[in-house]
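One letter stands for each residue in the lines below.
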Amino acid sequence: MFGDMMQMMGKLKEAQKKVEDTKKRLDTVLVDASSSDDKLQVTLTANRTIKSITIADDLLEDKEQLEDYLVMTLNKAIEKATKINEAELASAAKDGMPNIPGMDMFK
């Protein structure tokens, strides 16, 4: 039984490392989103760090419109990045989990 426990602990450490490695890799995965008319483009990492924002010149003339565009496009990009992030981290955690009775929620 003690050997089984040590083996499970080893598997959990492997899973933790796999999740950490996945988090680092997600810093290199870029997610793009644009406004419907392409006047604003946003690029984030899958860890939801903003990398770039490109704004059409005519949007700079209308502060309120620019703010609306930023909110809509950033939310769209964050939603995409979050989906990728959650799927990748769940996969990494699931792959590394040992078979522990009662812990089949990750399967």
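Residues numbered from 1 in each chain as written. Predicted model: local features only at pLDDT ≥ 70, side-chain atom pairs only at ≥ 80, totals over all residues. Heavy atoms only, no water.

### Some words on the overall build of the protein
Defined as follows: A run of DSSP states H or I qualifies as a helix once it reaches four residues; a run of E qualifies as a strand once it reaches two. Both are numbered from the N-terminal end. Contacts between residues were defined by any pair of non-hydrogen atoms, one from each residue, lying within 4.5 Å. All accessible areas in this document rest on Shrake-Rupley with a 1.4 Å probe, and a residue is counted as covered only by the protein chains that are shown.
Helix and strand counts for the protein stand at two helices and three strands. Each helix and strand of the protein, placed in order from N terminus to C terminus, yields the pattern α-β-β-β-α. Contacts in the protein between residues at least 24 apart in sequence constitute 52% of all its contacts with a sequence separation of at least 6. Element-wise, carbon and sulfur atoms account for 55% of the exposed surface of the protein, whose accessible area totals about 7,500 Å².

### Looking at the nonpolar core
Note the threshold: Throughout, nonpolar core names a set of buried Ala, Val, Leu, Ile, Met, Phe, Trp, Tyr and Cys residues whose side chains join them through atoms within 4.5 Å. Relative accessibility thresholds used throughout: buried, under 20% of the residue-type maximum; exposed, over 50%; partly exposed, between the two (1.4 Å probe, protein chains only).
Judged by nonpolar contacts, Val-31, Ala-33, Leu-40, Val-42, Leu-44, Leu-59, Leu-66, Tyr-69, Leu-74, Ala-77 and Ala-81 together constitute the single largest core of eleven residues. Tallying contributions element by element places helix 2 (residues 63-96) first for this core, with five residues. Setting aside anything within four residues of it in sequence, one finds Ala-81 in contact with Val-31, Leu-44, Thr-45, Ala-46 and Arg-48. In terms of nonpolar packing, the next biggest core, distinct from the first, is built from six residues, Val-19, Leu-26, Leu-89 and Ala-92 among them.

### Points about the environment of Ser-36
Inspection of the secondary structure puts Ser-36 in the loop between strand 1 (30-34) and strand 2 (40-45). For the pair Ser-36 and Met-72, spaced 36 residues apart in sequence, the C-alpha separation works out to 9.9 Å.

### Concerning the sheet that holds strand 1
The condition that has to hold: Each pair of strands is called paired provided DSSP finds at least two bridges between the two strands. In this analysis an axis means a line fitted to C-alpha atoms, helices contributing only their contacting stretch, and an angle means the value between N-to-C directions, from 0 to 180 degrees.
Pairing in this open sheet of three strands is antiparallel, and the strands run 1-2-3 from one edge to the other. Taken across any chain shown, the strands that pair with only one partner, and hence form the sheet edges, are strand 1 and strand 3 (50-55). Shown here is a sheet whose adjacent strand axes are inclined to one another by a mean of 10°, direction ignored. As paired strands, strand 2 and strand 3 are joined by five bridges and run antiparallel to one another.

### Comments concerning the side chain of Ser-35
Note that Ser-35 resides in the loop between strand 1 and strand 2. Judged by relative accessible area, which is 7%, Ser-35 ranks as buried. Ignoring anything within four residues of it in the chain, the contact list for Ser-35 reads Leu-40, Tyr-69, Thr-73 and Lys-76.

### Thoughts on a negative patch on the surface
Applied cut-off: A patch consists of residues whose relative accessible area exceeds 30% and which take part in no salt bridge; residues with like charges are grouped when within 9 Å of each other, and nonpolar side chains (Val, Leu, Ile, Met, Phe, Trp, Tyr) when within 5 Å. A pair is scored as a salt bridge if a Lys or Arg side-chain nitrogen falls within 4 Å of a carboxyl oxygen belonging to Asp or Glu. All tallies of charge rest on Lys and Arg as positive and Asp and Glu as negative; His and the ends of each chain are not included. Charge positions come from single atoms, namely NZ of Lys, CZ of Arg, CG of Asp or CD of Glu.
Where like charges cluster on the molecular surface, the negative patch consists of Asp-57, Glu-61, Asp-62, Glu-64 and Asp-68. Looking at the secondary structure, you find Asp-68 in helix 2.

### What to know about unusual backbone geometry
At Asp-38, a position not held by glycine, the phi torsion is positive, near 60°. Position of Asp-38 among the secondary structure elements: in the loop between strand 1 and strand 2.

### Observations concerning the pattern of salt bridges
All told, the structure shown has six salt bridges when counted by the stated rule. Note that Lys-17 and Asp-21 form a salt bridge whose closest N and O atoms lie 3.1 Å from each other. One end of the pair, Lys-17, and the other, Asp-21, are both in helix 1 (residues 2-26), four residues apart, so they sit about a helical turn from each other. Owing to a relative accessible area of 51%, Lys-17 belongs among the exposed residues under this scheme. Exposure remark for Asp-21: the relative accessible area of 35% places this residue in the partly exposed category.

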